[in-house]
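# Understanding the architecture of this molecule
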Amino acid sequence: MMPLWIFLISLALLAVGAGITAITYKLRNICSWIAFATVSTSSIGIIYTAVEIFVHGPIVTMDPLLRIPGLGASLMISMDALSALFLVIIAVVCVCSTLYSIRYMSHYREESLLRYYPFLLLFALGMIGVVCVSDMLFFFVFWEIMTLTSYILVVYERGKETNLRAGFLYFLMTHVGLVCMFAATFLLYARVGSFSFQALGDAMGMLATQNTGLLHLVLALFFIGFATKAAAIPFGLWLPEAHPVAPSSVSAILSGVMIKLGVYAILRVFVMMLPSSHFWYTWGEIIAIFGVVSLVIGSLAALAQDDSKRLIAFSSIGQTGYILLAVGIGITFLRVSPALATVAFLAALYHLTNDAAFKALLFLNAGATIYRTGTRDLNKMGGLGTLMPITATTGLVACLSVAGIPPFSGFSSKWLIFQSSLIGGIDMPLYLFFGVIALFISVVTLAYALKYMNASFLGKSHSEVNRSLITEVPVTMKIPQIILAVICFGLGVLPIMVLKLLYPAFKCLLPAGYLPDFTSLFGTGLAGVNLSFGGSISGMWNPLWLLIGTGFCFCLGYCVFKFASAGGSRVRVAETWYGGREHAPGEVQYASSSFYMAFKQYFALRVKGINFEGLYPKSVPLPRMTMPQPLRAVLDIDRWLYYPFAAGFLKLSRWFSRVHVGIPQIYILWVIIGVIVAIIVLFALPAG
Amino acid sequence: MTFAIGIGLLNLFIVLGLSPLFEGVARKLRAMVHSRIGPPLIQPYYDLLKLLGKEDIQSSSNYLARLAPWVCFTAVATAALFVPLGTGQAPFGAFGDAIVFVYIMALAAAALMLTAAVSENPFASVGVSREMMLQLTVEPVLVVAFVVAAINAHSFGMGDMVTWYRFHGLSISMSIVTIVLFLALQAQVGKLPFDIAEAESEIAGGLFIEQSGPKYALLRWAMMAKQIIFASIFAQVFIPWPKTGNLAWDILIHLAKVLGLVIVIGLIDAVNPRLRIDQAIKYYLTLVFFSLGGIAFAIIGA
């Protein structure tokens, strides 16, 4: 029971930390360090718990911490290996983000920290809560804590109208999603009268045989709810608006962790709760289709962006698409080919882990450039690489990872996704098509990653960039980036180790013995993956040998060069050559918007007056807060209470002021009348 | 193990050691088309040596400017280890399949583009943008070709694809992608009419404008090696015949096939004008659609 207590203490610490930061918010520095200390301490506890789960199996509370007998709901802490995986991701990204915030938040001098740290800590608490409960009602409670706190963090800079509207869109869409999830849950709850995952799963089992239409409805509602959070197109419209306006440290958590919880919920409902049936087949396909749509539109739209954080936000949609594609393939084949399904699910979990690392890193990286240049416009940056070498390097690592360049992390997971979709495609040609699209979009990923890299760190600085003022970011902003960059590299080099860790995380969702053995799928290698789907090996990938080969080739080339150039040639530093022309500084900058112009044209269209760039509308009309007329009238207290009252009072006073005529005799007359009235009243009153 | 090491060294020798010679052949050919005498066959070796001794003029102090050309060169050399050259088995075939190969080449391309982008030259940026657009449209062709081969062979290993194709004999799906891949070869090796990213006469060498001395030698060498690698894949995976069983003969036949391809590439290069980037994109997107037909045939097993 020891790990459970440590876990609960960690959670309590977060809550207490939220309280303390709420008190000390005026001391900006101290408040930031308290928040960091709290988050890092509780993260140690949470990671310890996760390790404990990986080593000794699930942690489940014997007695519910809280019981609502009337509803059949009880708060049980129940953590299996899948929860543990998410706990690790949450802990690492939150620690990095809080450390980063310490200096980054000085960017927002005018805004109060009262609206930042307490909510950041509660946000972390909400996310941890979501992955550690086994009861739908409390799942929603934590889900809602997560949504509300993240909403407050998104609209942190509340002075700007665009921020508020983007935040409102986020609020609106996630709550529509929540309503869908609630509806789905209550449809199931009505059958079993309990909110536990187990009971709801049984209800699904009953529906699968009795009322298939209703089960489809339930699954559709669940999917809409989770896909809204996971930001799959078209449910993820909030994401490209909300991410750029949130502080970068928050975007890192939103994109790195929070949207992944949508995938977590999909795994819980569609794999663990939904019993084995033909529903897997249908819904796997649907999820894969949404995945492909998201990865195509997200990535192509990212190509067309000139706002650094918006570009990364679209990249998030694209990578979620990859994850959902793999999840969809996995669910489709779960019944007919558990081997293929396992590979697909592990690919999804692997990509999810990688994406958490490099997406968080990219947002922190973009935040660092914003911190120094004060702009998100990629057209107005450029050439920061020599001024901010560490930031540029971590940015490069993130870009190569997201583009899936071996041996960085994105490659190993994408490789598994391609393998599973193409091998799955032999049985289902649809997935073959999806696999080819995914491979093509992977090049688009490289294109937008390079565009981000070029536009912010390489090339010529924009004339508005004051190069003499820009230096490397402070050390507390560098360390989180370095940590995440190392993780990005580390996750890619030893894929078999990562897969071994992920295998139990997926295995725990299904009955024991359902999935094939790990070594039968991925081979017995210590570093490399030899993929086989029952029979011959169909794909191989061994990053260690790639590195050995690369090292050998490098040495070979280096020796040849040193030998042939007989001691090396002289180095001279010279000005850039502009074709021999005199130029003004602004003339020779290649703007970010000029990149891939000819290619982007193929995906730019105009439908009904809305411009589409990269198949995504250039500007989504943000919702304005409008309410039905009667409700607005009721809420408008001024109008029905204050204004009539004030107007009446004014009228009364005016009438009364007529008395004031300025003739003393009339005043005396009034006094006499008053005295008479008083006497009459006094006589009229009964004595005693 | 010793066999694998031997083949590995042989691959490196063919791809790195012989590629300037093939380039020399192409240049000689080009001169003949132009009614010139042309440089001697081993001129590219002289060029590389000469460049090595030249001054290294740096316009950027960024460490990437020094590192990226090496990454590009090393990646191309490493890619050679994942390709079967005449022997039917790649030396590193057990450590990486066709997808890994495609991505190592993507690393080489990314390194080349970073080399160019790190300079402040706008011509280089234009070159990067064009190179990336070419990659975007050309790479799907190669990928689809590999996917078709993989569906047929039920494996992504290049060795397995060669084995399957030799055993199975000609098939419709493979023929379609072979033709499509042949039409894409010109852009993969960066020759006319698709040397749009270099385009000496418009953007003054584009990607390479700021390169000089040893680093330029590295990049040039990498480009020559890349030509041999792509020609080899075409000659080995998509036309795996004839096979004699004798290692030496197989390798010689392979080299002869590669030489033939280099001559064809060189001829097309010599007689064609450069296309604009939008024309090239249109051309390749059309090719991608045709190659999807290959997948359709592969699914039905033809």
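Residues numbered from 1 in each chain as written. Chains lettered and ligands numbered in written order. Predicted model: local features only at pLDDT ≥ 70, side-chain atom pairs only at ≥ 80, totals over all residues.

## Some details on the overall build of chain A
Keep this limit in mind: Every helix listed is a DSSP run of H or I at least four residues long, and every strand listed is a run of E at least two residues long, numbered separately from the N terminus. With C-beta atoms placed from the backbone, the exposure class of a residue follows from how many other C-beta atoms lie within 10 Å of its own: 20 or more, buried; 12 or fewer, exposed; in between, partly exposed.
Looking only at helices and strands, chain A has 24 helices and 10 strands in total. For chain A, the C-alpha atoms occupy an extent of roughly 125 × 80 × 55 Å along the three principal directions. The buried share of chain A, taken over its 688 residues, is 53%.

## Details of the overall build of chain B
The following threshold applies: Only C-alpha atoms enter the radius of gyration; for comparison, a globular chain is expected to reach 2.2 Å times N to the power 0.38, where N is the number of residues.
Across its full length, chain B carries 12 helices and one strand. Ordered by position from the N terminus, the helices and strands of chain B form the series α-α-α-β-α-α-α-α-α-α-α-α-α. Relative to a compact globule of 302 residues, whose C-alpha radius of gyration would be 19 Å, chain B shows 19 Å and is just as compact. Expressed along its principal axes, the backbone C-alpha trace of chain B runs to roughly 55 × 45 × 45 Å. Here chain B holds 302 residues, and the buried ones make up 62% of them.

## What about the sheet that holds strand β9 (residues 610-613) of chain A?
All names here are of chain A. Going by this rule: Only when DSSP finds a minimum of two bridges between them are two strands counted as paired.
Here three strands make up an open sheet; going across it, the order is β8-β9-β10 and the pairing antiparallel. Each edge of the open sheet carries a strand with a single partner, namely β8 (605-607) and β10 (616-617). With three bridges connecting them, β8 and β9 associate as antiparallel partners. Bridge pairing in β9 links R606 to N611.

## Let's talk about the interface of chain B and chain A
Going by this rule: Two residues qualify as a contact pair if the distance between their C-beta atoms, derived from the backbone, is within 7 Å. Classification used: nonpolar for Ala, Val, Leu, Ile, Met, Phe, Trp, Tyr, Cys and Pro, charged for Asp, Glu, Lys and Arg, polar for all others including Gly.
With 66 residues of chain B in contact, the opposing surface of chain A contributes 65 residues. Sorting the residues of the side of chain B that touches chain A by element identifies α3 (43-53), β1 (56-58), α4 (63-81), α5 (98-118), α6 (122-153), α10 (213-238) and α12 (277-299) of chain B as the ones contributing at least two each. At 16 residues, α6 of chain B tops the list of elements feeding residues into the side of chain B that touches chain A. Residue composition of the side of chain B that touches chain A, by class: 41 nonpolar, 17 polar and eight charged. Examined bridge by bridge, strand β7 (residues 571-573) of chain A and β1 of chain B share three bridges and lie parallel to one another. Note on β1 of chain B: the bridge partner recorded for R572 of chain A is I57 of chain B.

## Some points on the domain arrangement of chain A
Note the cut-off: An automatic or database domain assignment supplies the start and end points of every domain.
What the domain assignment lists for chain A is domain 1 (276-513) and domain 2 (629-684). A separation of 72 Å is found between the C-alpha centroids of domain 1 of chain A and domain 2 of chain A.

## Regarding the pairing of strand β6 (residues 537-541) of chain A
All names here are of chain A. Burial analysis of β6 places four of its five residues in the buried class, the great majority of the element. Two strands pair when backbone bridges link them, and strand β5 (residues 529-532) and β6 are joined in this way by four bridges, in the antiparallel orientation. Along β6, the bridge assignment pairs V529 with W541.

## Some words on helix α20 (residues 543-564) of chain A
What counts here: Any helix carries an expected span of 1.5 Å times its number of residues minus one. Working definition: the arc comes from the directions between the helix axis and the C-beta atoms, pointing outward to the latter.
Over its 22 residues, α20 of chain A runs 31 Å from end to end, which matches the ideal 32 Å to within 8%, given 1.5 Å per residue. If you check which residues of α20 of chain A are buried, you get P543, W545, L546, G549, T550, C553 and G557 of chain A. Mapping the buried residues of α20 of chain A onto a view down its axis gives an arc of 155°, with all of them on the same face. Exposed positions of α20 of chain A whose direction lies more than 90 degrees from the buried face are G551, C555, C559 and F563 of chain A. The inward-facing, buried residues of α20 of chain A contact α17 (475-493), α18 (495-507) and β6 of chain A together with α4 of chain B.

## Some remarks on unusual backbone geometry
All names here are of chain A. Cis geometry marks the peptide bond from I233 to P234; its omega dihedral reads 5°. Mapped onto the fold, P234 is located in the loop between α8 (212-230) and α9 (238-245). A cis geometry characterises the amide bond from P406 onward to P407, with omega recorded as 5°. Counting through the fold element by element, P407 comes out in the loop between α14 (389-402) and α15 (409-427). Although it is not a glycine, A231 sits at a positive phi angle of roughly 65°.

## Here we look at the packing of helix α5 (residues 136-154) of chain A against helix α6 (residues 161-192) of chain A
Residue and element names in this part refer to chain A. For clarity, the threshold we go by: For helices, the fitted axis covers only the stretch in contact; all axes are lines through C-alpha atoms, and the angles between them, taken along N-to-C directions, range from 0 to 180 degrees. In what follows, roughly perpendicular refers to angles from 65 to 115 degrees, roughly parallel to angles under 35, roughly antiparallel to angles over 145, and oblique to any angle outside these ranges.
Put simply, α5 and α6 touch, their axes get as near as 10 Å, and they point 175° apart. Here α5 is positioned roughly antiparallel relative to α6, judged by the angle of their axes. The residues of α6 that touch α5, namely those facing M136, F140, E144, T147, Y151 and V154, are G167, Y170, F171, T174, L178, F182 and T185.

## Some points on α10 of chain B
Over its 26 residues, α10 of chain B runs 37 Å from end to end, which matches the ideal 38 Å to within 8%, given 1.5 Å per residue. The buried fraction of α10 of chain B amounts to 25 of the 26 residues, a majority that puts the element mostly inside the structure.

## Considering the environment of G167 of chain A
Residues and elements named next belong to chain A. Along the chain, the position of G167 falls in helix α6. Note: C-alpha distance between G167 and L239 (72 residues apart in sequence) is 9.7 Å. Those residues within four positions of G167 in sequence are excluded, and the remaining contacts are Y151, V154, V155 and A242.

## Digging into the environment of P240 of chain B
Residues and elements named next belong to chain B. Locating P240 in the fold gives a position in the loop between α10 and α11 (247-271). On the basis of neighbour counts, which here come to 20 C-beta atoms within 10 Å, the residue P240 falls in the buried class. Between the C-alpha atoms of P240 and I104, which are 136 residues apart in sequence, the distance is 23 Å. The residues contacting P240, other than those within four sequence positions of it, are V162, Y165 and R166.

## A closer look at the packing of α8 of chain A against helix α10 (residues 248-273) of chain A
All names here are of chain A. With their axes 6 Å apart at the nearest point, α8 and α10 run at an angle of 155° to one another. It follows from the interaxial angle that α8 and α10 lie roughly antiparallel. Along its contact with α8, which presents F222, F226, A227, K229 and A230, the element α10 presents I259, L261, G262, V263, A265, I266 and V269. Classifying every residue of the contact of α8 with α10 by side-chain character gives 10 nonpolar, one polar and one charged.

## Thoughts on the confidence of the model for chain B
All names here are of chain B. Heads up, the condition is: The predictor rates its confidence in each residue with pLDDT, a number between 0 and 100.
Confidence along chain B averages 83 in pLDDT terms, with 99% of residues attaining 70 or more. Taken element by element, chain B is modelled with least confidence in helix α9 (residues 200-203), mean pLDDT 70, and with most confidence in helix α2 (residues 19-33), mean pLDDT 87. Under the prediction, the complex receives an ipTM of 0.89, its pTM being 0.87.

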